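Summary of the model geometry
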Amino acid sequence: MIKVATILVIEDELKIQQIIKAYLTKEGYEVLTASDGAQGLQSFKENQPDLIVLDLMLPQVPGEQVLTSVRQNSETPVIILSAKGTEDERIFGLNIGADDYLVKPFSPRELVARVNAHLRRLKSNPTPTMTSFSYNKQKLRIDLAKHQVYLENNPINLTPTEFKVLKLLSQAPGQVFSRSQLVEQVQGYNYNGFDRTIDSHIKNLRQKIELNPEEPQFILTVFGLGYKFGGDPDCN
Ligand code: CA
């Protein structure tokens, strides 16, 4: 028996939601719908869909935060469907983890074609090929599958939060993350504004992974902006 793929559509405009649902159902998919970001995240956790179609301007929790929450522990393909259509907006969406971006007004047939393409790719390549990343000639190695970090081949014990911070920064070397971005992406969307807590996580992380925490190589401060990862990814 072939299992039918499940698509979660998070879209607050009911008319668009119903059109997408009709097209995807006709294509043979099981379709779940949510009309705001919080409901969408809830459904994602409960139903583990195979792909998500995500609007950005959503009540409760905006689409960008839905996406970063999903990306904390899942590689489920996400196609953004948004009226935000500038180049910067599209690049931002892809940078925070979307696999594809469609600008409204959109063609439902094109959306279906893209859903098919992403699911086909997933099928032909079912497990993520890269789960271990190393930097600065193997000095630092991060095994995402095992949630383990090695410094010069010695295992380092990180707290779950420290691991998440390191994972986030190291997956985008050189990209600057503000404190609030880090807190939101690491702690989820219930960010209450105590963004200095991230500084103590960074401090502890440096104590553990930097050979000299006073002159960090990996977790760099970008004055007035936040933090970035300074390691050089090894080619492997
Ligand atoms: Ca909307």
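Here, every reference points to the structure presented above.
Residues numbered from 1 in each chain as written. Predicted model: local features only at pLDDT ≥ 70, side-chain atom pairs only at ≥ 80, totals over all residues. Heavy atoms only, no water.

For a metal with four tetrahedral donors the ideal donor-metal-donor angle is 109.5 degrees, while six octahedral donors give ideal angles of 90 or 180 degrees. Protein ligation of the calcium ion involves Asp 12 (OD), Asp 55 (OD) and Met 57 (O), the donor distances falling in the range 2.2 to 2.3 Å. The sequence pattern describing where the donors of the calcium ion fall on their chain is D-x42-D-x1-M. Classification of Asp 55 as buried rests on a relative accessible area of 3%. (Donors = N, O, S within 2.8 Å, 3.2 Å for Na, K, Ca; no water. Buried < 20%, exposed > 50% of the residue type's maximum accessible area, 1.4 Å probe, protein only.)

Turning next to the packing of aromatic side chains. The final tally for this structure, using the stated rule, is 2 aromatic pairs. Between Tyr 135 and Phe 229, the aromatic rings sit 4.8 Å apart at their centres with planes inclined by 70°, giving edge-to-face as the arrangement. In this pair, Tyr 135 sits in strand β6 (residues 132-135) while Phe 229 sits in strand β12 (residues 226-229), placing the two residues 94 residues apart along the sequence. With a relative accessible area of 3%, Tyr 135 lands in the buried category. Ring plane angle 25° and centroid distance 5.9 Å describe the contact between Phe 218 and Phe 229, whose orientation is recorded as stacked. On the criterion of sequence distance, the pair formed by Phe 218 in the loop between α8 (197-209) and β11 (219-222) and Phe 229 in strand β12 is long-range, its members being 11 residues apart. Taken as a pair, Phe 218 and Phe 229 share a single burial class, namely buried. (Phe/Tyr/Trp six-rings, centres within 6.5 Å; stacked < 30°, edge-to-face > 60°. Helix = DSSP H or I, 4+ residues; strand = E, 2+ residues; numbered from the N terminus.)

Pairing within the open sheet is antiparallel, and its 4 strands lie in the order β6-β7-β8-β9. Only two strands of the sheet have a single partner each, and these edge strands are β6 and β9 (154-156). Looking at each pair of strands side by side, their axes are set apart by 25° on average, direction ignored. The pairing of β6 with strand β7 (residues 140-143) spans 4 bridges and is classified as antiparallel. Looking across to β7, one finds that Ser 134 is bridged to Arg 141. The strands that helix α6 (residues 160-170) touches are β6, β7 and β8 (148-151); relative to β7, the one it contacts most, it runs at about 105°. Of the strands in this sheet, β7, β8 and β9 are in contact with α8, which crosses β8 at around 50°. (Pairing = 2+ DSSP bridges. Axes fitted to C-alpha atoms, helices over the stretch in contact; angles between N-to-C directions. Contact = heavy atoms within 4.5 Å.)

In space, the 5 strands of this open sheet follow the order β2-β1-β3-β4-β5, with parallel pairing throughout. Pairing within the sheet leaves two strands with one partner each, and these edge strands are β2 (30-34) and β5 (100-103). Ignoring strand direction, the axes of neighbouring strands in this sheet form an average angle of 20°. Taken strand by strand, helix α5 (residues 108-124) contacts β1 (6-10), β3 (51-54), β4 (78-82) and β5, and its axis lies near 180° from that of β5.

The next subject is the pattern of salt bridges. By the definition in use, this model includes 9 salt bridges. Of the charged contacts, one joins Asp 99 and Arg 71 as a salt bridge, the two residues approaching to 2.9 Å between their closest N and O atoms. Here Arg 71 lies in helix α3 (residues 63-71) and Asp 99 lies in the loop between α4 (87-95) and β5, a separation of 28 residues in the sequence. For the salt bridge of Arg 114 with Glu 110, the shortest nitrogen-to-oxygen distance reads 2.5 Å. Note that Arg 114 and Glu 110 are positioned in helix α5 at a spacing of 4 residues, about one turn of the helix. Under the relative-accessibility criterion, Arg 114 is labelled partly exposed at 24%. Beyond isolated ion pairs, a larger network of salt bridges with shared partners links Glu 11, Glu 13, Asp 55 and Lys 104. (Salt bridge = Lys/Arg side-chain N within 4 Å of Asp/Glu carboxyl O.)

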